[in-house]
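Each chain, letter by letter, is given below.
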Amino acid sequence: MTKCSCGSKTEKPKTDLTKLDSLLAEYKCLPGSLITVLQKTQDIYGYLPKDSIYAISDALTVKVAKIMGVVTFYAQFRLHPVGKHLIMLCQGTACHVNGSENVAAALEDELKIKDGETTADNLFTMENVACLGCCSMAPVMMIRTGKSSEVFGPLTPKSARQIIKNIYKAEGGVQS
Amino acid sequence: MIITVGMGSCGIAAGAQKTFDAITTLIEKENLDVTLKPVGCIGECFNEPVVEVIDDENNKHYLYAKIDGEKAEKLLKSHLHQGVPLEEYLVPQEDRAFLAKQTRIALTDCGVINPEDIAEYIEHDGFQALKHCLFDLTPEEVIEEIKISGLRGRGGAGFPTWFKWNAARQSQGDIKYMICNADEGDPGAFMDRSLLESNPHSVLEGMMIGAYAIGAAEGKIYVRAEYPLAIKRLKKAIQEEAENGYLGQHILGTDFSFRLEIKAGAGAFVCGEETALIASLEGERGMPRLKPPFPAERGYHQKPSNINNVETYANVPWILRHGGNAFAAMGTEKSKGTKVFALAGKVKKGGLVEVPMGMTIKEIIFGIGGGIKDDKEIKGVQMGGPSGGCIPKSLLNTAVDYESITKVGAIMGSGGMIVMDETTCMVDMARFFLQFTKDESCGKCVHCRIGTKRMLEILERIVNGEGKDGDIETLKSLGENIIAGSLCGLGQSAPNPVLSTIRHFEEEYRAHIEDHKCPAKKCKPLLTFSIDPEKCTACMACKKKCPVDAISGEKKKPQEIDANICIRCGNCEAVCKFGAVIVE
């Protein structure tokens with residue numbers, strides 16, 4: 001148990017921090033590697049658990065406030081876990097011109113979540129991204145499941161809904 | 001026989017991996033005497049997945065378009081078994097202008113060589129330029145050759161490359177850094193990604209030559225984390241180069257040593273600005289700082305550093321192989337050589353094109369890109385992404401060179417070229433870009449941080465039908481103030497999309513504000529849906545599709561839409577076969 005400055009006892013860490021040991025040992029003496037360490041931590045957990053940030057702070061002797069400054073500056077870092085399927089909906093210029101907003105609206109309606117949110121059953125997280133670089137297939141989305149990802153396009157609101165339905169079906173889940 | 005499959009990110013997205021696997025299985029199953037290899041992107045995104053059959057005995061090339069697993073089987077059967085090229089799958093005659101009208105320097109070997117095999121790069125004159133520099137030229141002579149070529153930075157600003165190299169060379173210091181900016185942030189541009197995925201060695205060779213010229217022994221490549229395939233191929237390229245003596249200590253037995261490290265960016269548009277990029281490389285928030293001192297004097301870890309864009313480096317080996325004069329022979333008086341553009345939007349044939357500087361925008365869109373999708377009317381083209389501007393139809397004869405593009409209110413930028421047709425609303429486009437820059441402003445300068453937000457709020461009001469008199473003037477004055485009050489390129493160029501659309505499409509802004517109409521019929525709050533009683537056949541298709549039951553009427557009589565209930569979803573218009581739904 002660690003004591004926080006206000007005197008109350010904080011919860012016992014839930015995150016398995018031993019997974020970070022070798023990473024922190026490797027980068028301990030390398031100044032300027034904060035972003036790399038954060039990226040690798042996120043690779044391990046899928047997001048940046050609070051405990052991991054304290055652990056990184058201790059190991060690299062960088063203040064937590066500074067780490068949070070970096071974490072919140074870059075779009076890549078997440079402070080919350082994501083669903084099993086991460087939907088990255090491209091909002092690049094070519095996709096916008098070809099109607100990505102309608103696709104976004106259809107997905108929001110189908111999943112009942114908004115940009116950055118996760119469904120209650122933890123199956124889907126939706127995220128608007130700047131550009132996936134598949135401009136000639138616009139509008140596109142990438143769905144990442146574990147380590148593999150697949151790009152879908154060109155999308156219509158209807159085809160986007162169908163893709164979600166198919167995944168629900170494959171998961172054997174009931175769509176809310 | 002050699003078969004190649006285009007395996008860039010976009011090719012893979014279109015299914016190239018499945019095509020590749022299908023061909024692999026067929027070759028194994030039938031024990032065919034064929035060499036199958038993955039190559040990078042040839043640039044014909046609209047024809048992905050692209051498969052090429054090369055008859056190396058007769059030196060004949062057959063380019064096939066849109067080949068999925070099933071088509072691959074038919075193709076192999078016809079072309080390999082019976083020896084007859086399968087006409088119906090070949091890239092159609094009208095698409096051949098796409099490649100024929102280009103001049104490929106940076107992209108020369110993209111889509112031709114296997115990016116994960118250094119032997120192929122060497123076979124295509126790879127590292128000849130590096131050898132020439134190390135054995136025949138002094139660093140000063142290398143810089144002189146780049147000066148003769150007239151090469152300017154391809155990342156956007158167009159700063160002469162030789163000048164930067166020379167400044168870094170003159171700078172005092174025992175440790176210097178050569179940095180590659182591969183943080184391609186413009187949403188709608190993918191030149192750098194494609195180059196790194198298709199021919200990473202050319203970029204690395206360019207960096208090595210630059211490092212030799214400025215006297216650097218260490219290099220960093222700052223790549224967007226969103227480009228995993230580019231990072232993978234770069235890693236492989238660096239490893240192969242080290243194994244073959246092109247990287248490391250005493251390269252090719254000379255005194256020149258160089259090592260390279262890849263740093264993955266973490267997603268911030270502002271990191272394309274060189275001082276912000278350096279801050280990010282050092283593990284900090286990517287915020288720009290005041291220049292001078294320029295990175296050439298004090299850059300990464302306060303040491304002299306040189307930063308160039310991916311495409312700039314990719315041009316360097318060619319220049320050293322063919323001489324600066326050959327490069328300078330192409331292009332215009334002040335803009336030499338070629339430029340790669342990512343052609344996308346409402347264009348028929350989107351993809352990656354490389355043309356000599358000085359070609360007109362019209363020629364690129366119509367001559368190479370084949371014109372506008374669905375044969376609609378072109379309205380304009382956005383160049384330079386969120387930092388650039390919109391060039392209207394009337395100025396399509398503008399030549400692509402740094403000065404001419406700037407003169408009409410846009411910028412060359414990194415090479416994004418988004419084509420817009422009559423259904424694109426210019427006010428909405430301006431709002432889209434402002435949303436992007438507002439999100440990406442690092443927050444350091446007040447004008448940029450708050451000014452972009454205020455501009456966005458005004459634009460949102462306008463597209464929602466709540467525009468007011470004086471909005472245009474306020475936008476202009478805010479824009480001018482942001483330009484004057486911002487430290488870096490992001491803020492200084494953020495108002496460009498708004499100012500250039502006001503300059504060329506002011507009547508569209510006025511239509512939104514004064515008449516509450518969106519001429520492009522894009523801004524939903526400004527639209528009204530009604531049914532033409534003359535055309536309506538009372539088929540009831542629209543009524544069934546209406547999600548809010550806004551459509552009513554007697555049976556077998558023309559229907560009506562209740563504007564108070566209508567949510568302007570457009571379903572009725574989409575389903576009507578008789579064109580009876582009027583949208584205004």
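Undergrad: Give a detailed account of the interface of chain B and chain A, specifying residues and quantitative values.
TA: On the chain A side, the residues contacting the 47 residues of chain B number 33 residues. Approximately 2,900 Å² of surface area, both sides summed, lies buried where chain B meets chain A, with 57% of it carried by carbon and sulfur atoms. Broken down residue by residue, the surface that chain B buries against chain A is led by A266, R285 and F432 of chain B, which jointly contribute 19%. Summed over the shared surface of chain B and chain A, the number is three salt bridges. The partner of E101 of chain A in a salt bridge is R431 of chain B, with the nearest N and O atoms 2.8 Å apart. In this assembly, chain B and chain A are joined by 13 residue pairs in polar contact (both at pLDDT 80 or more). Mapped onto the side of chain B that touches chain A, the elements with two or more residues apiece are helix 1 (9–13), strand 7 (259–264), helix 12 (274–281), strand 9 (338–345), strand 13 (416–421) and helix 17 (426–440) of chain B. A total of six residues in the side of chain B that touches chain A trace back to one element, the largest contributor, which is helix 17 of chain B. Taken together, the residues of the side of chain B that touches chain A sort by class into 25 nonpolar, nine polar and 13 charged.

Undergrad: Can you explain the packing of aromatic side chains? Please cite residues and give values.
TA: Summed over the entire model, instances satisfying the criterion amount to 14 aromatic pairs over all chains. Aromatic pair Y74 of chain A and F77 of chain A: ring centres 6.4 Å apart, planes at 90°, arrangement edge-to-face. Measuring from ring centre to ring centre gives 5.1 Å for Y121 of chain B and F127 of chain B, while their planes differ by 85°; the resulting arrangement is edge-to-face. Across the pair, F127 of chain B and Y121 of chain B agree in class, each one buried. Aromatic rings pair up to connect F73, Y74 and F77 of chain A into one cluster.

Undergrad: Mind laying out the sheet that holds strand 3 (residues 141–145) of chain A, listing which residues take part and the relevant values?
TA: Residue and element names in this part refer to chain A. Pairing is mixed across the open sheet formed by four strands, whose spatial order is 2-1-3-4. Each edge of the sheet is formed by a strand with only one pairing partner; in this case those strands are strand 2 (124–129) and strand 4 (148–152). Geometrically, the sheet is characterised by an average inter-axis angle of 20° between neighbouring strands, direction not taken into account. Pairing between strand 3 and strand 4: five bridges, direction antiparallel.

Undergrad: Talk me through the nonpolar core; I want residue IDs and the actual numbers.
TA: Ranked by internal contacts, the top residues of the largest apolar core, which has 94 residues, are W165, L204, I221, V223 and F258 of chain B. Looking at this core, the element that brings in the most residues is helix 10 (residues 200–214) of chain B, giving nine residues. Once residues lying within four places of it in the same chain are set aside, the contact partners of I221 of chain B are C180, A182, L204, M207, L234, I238, L260, E261, I262 and K263 of chain B. Residues L23 and L60 of chain A together with C488 and L490 of chain B belong to the second largest nonpolar core, which totals 42 residues.

Undergrad: Lay out the sheet that holds strand 5 (residues 177–182) of chain B with the relevant residues and their values.
TA: All names here are of chain B. With respect to topology, four strands assemble into an open sheet ordered 7-6-5-8, the strand pairing being parallel. Across the chains shown, the open sheet's two edge strands, defined by having one partner strand only, are strand 7 and strand 8 (305–309). Along the sheet, successive strands turn relative to each other by an average axial angle of 20°, direction set aside. As judged from the six bridges shared by strand 5 and strand 6 (residues 218–223), these two strands associate in the parallel manner. Within the sheet, the bridge partner assigned to N181 lies in strand 6 and is Y222. Along the sheet, helix 11 (residues 228–243) makes contact with strand 6 and strand 7, crossing strand 7 at roughly 165°.

Undergrad: Tell me about the packing of helix 7 (residues 139–149) of chain B against helix 13 (residues 310–322) of chain B, and name the residues and values.
TA: Residue and element names in this part refer to chain B. Two elements in contact, helix 7 and helix 13, have axes whose closest approach is 10 Å; the angle formed by their N-to-C orientations is 100°. One way to sum up the angle between helix 7 and helix 13 is to call them roughly perpendicular. Contacts from E145, I146 and S149 in helix 7 reach V316, I319 and L320 in helix 13.

Undergrad: Please give an account of the domain arrangement of chain B that cites residues and values.
TA: Reports often express the size of an interface as the amount of accessible area lost when the parts come together. All names here are of chain B. Splitting chain B by domain gives domain 1 (2–94), domain 2 (118–328), domain 3 (338–421), domain 4 (426–514) and domain 5 (528–583). Computed from C-alpha atoms alone, the centre-to-centre distance between domain 2 and domain 3 is 27 Å. Taken together, the contact pairs 17 residues of domain 2 with 19 residues of domain 3. Here domain 2 and domain 3 share an interface that buries about 1,400 Å² over both sides, 58% of which is from carbon and sulfur atoms. Inspection of the region where domain 2 meets domain 3 yields two salt bridges. Taking the shortest distance from any N to any O, the salt bridge between E403 and R152 comes out at 3.3 Å. Of all elements in the fold, only helix 9 (191–198) and helix 13 reach the threshold of two or more residues within the side of domain 2 that touches domain 3. A class-by-class count of the residues in the side of domain 2 that touches domain 3 yields six nonpolar, seven polar and four charged.

Undergrad: Residue-level account of the layout of surface pockets, with values.
TA: Picture a little ball the size of a water molecule; that probe, rolled over the atoms, points out where space is still empty. All names here are of chain B. A volume near 1,500 Å³ is recorded for the second largest pocket. Forming the boundary of the second largest pocket are 50 residues, of which G155, G156, A157, G272 and E273 lie nearest the centre. Contributing elements (two or more residues each) for the lining of the second largest pocket: helix 8 (161–170), strand 8, helix 16 (402–407) and helix 20 (489–493). The residue makeup of the lining of the second largest pocket, split by class, is 17 nonpolar, 22 polar and 11 charged.

Analysis parameters
Residues numbered from 1 in each chain as written. Chains lettered and ligands numbered in written order. Predicted model: local features only at pLDDT ≥ 70, side-chain atom pairs only at ≥ 80, totals over all residues. Heavy atoms only, no water. Contact = heavy atoms within 4.5 Å. Buried area = accessible area lost by both parts, 1.4 Å probe. Salt bridge = Lys/Arg side-chain N within 4 Å of Asp/Glu carboxyl O. Polar contact = N/O pair within 3.5 Å; in protein donor to acceptor, adjacent residues only side chain to side chain. Helix = DSSP H or I, 4+ residues; strand = E, 2+ residues; numbered from the N terminus. Nonpolar A, V, L, I, M, F, W, Y, C, P; charged D, E, K, R; others polar. Phe/Tyr/Trp six-rings, centres within 6.5 Å; stacked < 30°, edge-to-face > 60°. Buried < 20%, exposed > 50% of the residue type's maximum accessible area, 1.4 Å probe, protein only. Pairing = 2+ DSSP bridges. Axes fitted to C-alpha atoms, helices over the stretch in contact; angles between N-to-C directions. Core = buried A, V, L, I, M, F, W, Y, C linked by side-chain atoms within 4.5 Å. Parallel < 35°, antiparallel > 145°, perpendicular 65-115°, else oblique. Domains from an automatic or database assignment. 1 Å grid on protein atoms, 1.4 Å probe; cavity = no way out; pocket = protein on both sides within 12 Å on 5 of 7 lines; lining within 4 Å. Points joined across faces, edges and corners; volume = space filled by probe spheres on them.

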